[in-house]
Amino acid sequence: MKALVTGGAGFIGSHLVERLLNEGYEVICVDNFTLGTQERVDKFINNSNYKFYKIDINNTEDFCNQLKDEKIDIIYHLAANSDIQKGGKNPMVDYNDTFMTTFSVLELMRRNNIKNLFFSSTSAIYGDEKGLLMTEDLGGLKPISYYGGAKFASESFISSYSYMNDFNTMIFRFPNVIGPSLTHGVIFDFKKKLEKNPNELEILGDGTQTKPYIYVLDLIDVIMMMTKEIPKGIEIYNIGVETATSVTTIADIVCEELGYQNVKYKYTGGNVGWKGDVPKFQFDLTKIHNKGWHSSYTSDEAVRETVRHIK
Ligand SMILES: NC(=O)c1ccc[n+]([C@@H]2O[C@H](COP(=O)([O-])OP(=O)(O)OC[C@H]3O[C@@H](n4cnc5c(N)ncnc54)[C@H](O)[C@@H]3O)[C@@H](O)[C@H]2O)c1
């Protein structure tokens, strides 16, 4: 089996590349190093089953041309802008790196008759539906970040391309993912702030923002489990953990694990970290649980384990 991993030099992508290689796949990785790193490519470069292309996937013609002779069985499409705040300052970032990368992938599939797709979507497509349980078939979605909007638009294009070209498609909507080799996000922000000032920690919002954090290796397990044989048509799954962690609890765990004591928390106030942030949400995981999969780490455990790795 030959798999193409877009965004394979990124955080989740590089874990996926490793698992695919370990399971005997040939892997083509494409990345342009927007947020990916050379180090995550160098790790595999001597493996004869691994090939790396540095391509800006937004450039549809270049992407399709460079990969036209590769006989690909399945595409794991992970390339996107993963920095929601950066996209919040400039909508073009998500239009290009979150939506257009998807369009290019779909074009490659259509032109090269590639039939199998895994797409990494996000809980952000649900928007801020206070108190509502988010099931996969919830309609009338109103994403509130450009990132969520671009992922939702991607899902729509994927749906139409899947129907028009008989693709077999698996869409996963997942929340925050953390674990070894993470390079940005709230845990990093806290670590950096504490290195600068070990006595006081600024926390965006009021600290009650509470989200599920899934451990990256749990996510890789379920991706592999569900993509060995993708059923015909298009399937959508919420993927996550039953528990959630508040921002203040993350601060507590970071301080505890990194050995900072008596730190004074300074909240910037308001119940969101930044505009476009969804402070709380409830994900329905029944569909994936019915497939026999549960995450092995709780949200708090995932946070603690990640801080230990960073340490
Ligand atoms: N990390 C999370 O918490 C989370 C949550 C939900 C969904 N996701 C999705 O999972 C996927 C992977 O996320 P991640 O955390 O590993 O992010 P990441 O930023 O580490 O990985 C994304 C990769 O895509 C690459 N990329 C971006 N634009 C590109 C372009 N135009 N051409 C080529 N490569 C490009 C980046 O360089 C990066 O290596 C993304 O689609 C993200 O939206 C992530």
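Placed above this text is the structure.
These notes cover the structure that comes with them.

Thresholds applied
Residues numbered from 1 in each chain as written. Predicted model: local features only at pLDDT ≥ 70, side-chain atom pairs only at ≥ 80, totals over all residues. Helix = DSSP H or I, 4+ residues; strand = E, 2+ residues; numbered from the N terminus. Rg over C-alpha atoms; globule rule 2.2 N^0.38 Å. Buried ≥ 20, exposed ≤ 12 C-beta atoms within 10 Å, placed from the backbone. Contact = placed C-beta atoms within 7 Å. Near = placed C-beta within 6 Å. Nonpolar A, V, L, I, M, F, W, Y, C, P; charged D, E, K, R; others polar. Pairing = 2+ DSSP bridges. Axes fitted to C-alpha atoms, helices over the stretch in contact; angles between N-to-C directions.

## Description of the overall build of the protein
Now for step 1: The secondary structure content of the protein amounts to 11 helices and 15 strands.
Now for step 2: For the protein, the C-alpha radius of gyration of 19 Å lies close to 19 Å, the compact-globule estimate for 311 residues.
Now for step 3: Projected onto its principal axes, the C-alpha positions of the protein cover 60 × 45 × 40 Å.
Now for step 4: With 311 residues in all, the protein has 41% of them scored as buried.
Now for step 5: Across the protein, the fraction of contacts at a sequence separation of at least 24, relative to all contacts at a separation of at least 6, is 80%.

## Remarks on the site of the ligand
Now for step 1: In the vicinity of the ligand lie 26 residues, with Gly7, Gly10, Gly36, Ala80 and Ser82 positioned nearest.
Now for step 2: Taken together, the elements giving at least two residues each to the shell around the ligand come down to helix H1 (11-22), helix H5 (91-112), strand E5 (116-122) and strand E8 (176-178).
Now for step 3: The leading source of residues in the shell around the ligand is H1, at 3 residues.
Now for step 4: Here the residues of the shell around the ligand are counted per class, giving 11 nonpolar, 12 polar and 3 charged.

## Details of the pairing of strand E7 (residues 168-174)
Now for step 1: For E7, a buried count of 5 out of 7 residues is recorded, marking the element as mostly surrounded by other parts of the structure.
Now for step 2: As defined by bridge partners, E5 adjoins E7 across 7 bridges and the pair is classed as parallel. From the neighbouring strand, phenylalanine 118 faces E7, where its bridge partner is methionine 170.
Now for step 3: Relative to strand E12 (residues 234-238), E7 runs parallel, the two being bridged by 5 bridges. Bridged to isoleucine 171 within E12 is isoleucine 236.

## Concerning the sheet that holds strand E2 (residues 26-31)
Now for step 1: Taken together, the 7 strands give an open sheet; going across it, the order is E3-E2-E1-E4-E5-E7-E12, and neighbouring strands pair in parallel fashion. Lying at the two open borders of the sheet, with one neighbouring strand each, are strand E3 (50-54) and E12. Shown here is a sheet whose adjacent strand axes are inclined to one another by a mean of 15 degrees, direction ignored.
Now for step 2: Relative to the sheet, H5 contacts strand E1 (2-6), strand E4 (74-77) and E5, its axis offset from that of E4 by approximately 180 degrees.
Now for step 3: Here helix H8 (residues 216-227) sits on the sheet and contacts E4, E5 and E7; the angle it forms with E7, its principal contact strand, is near 160 degrees.

The values are spatial; any link to function lies outside them.
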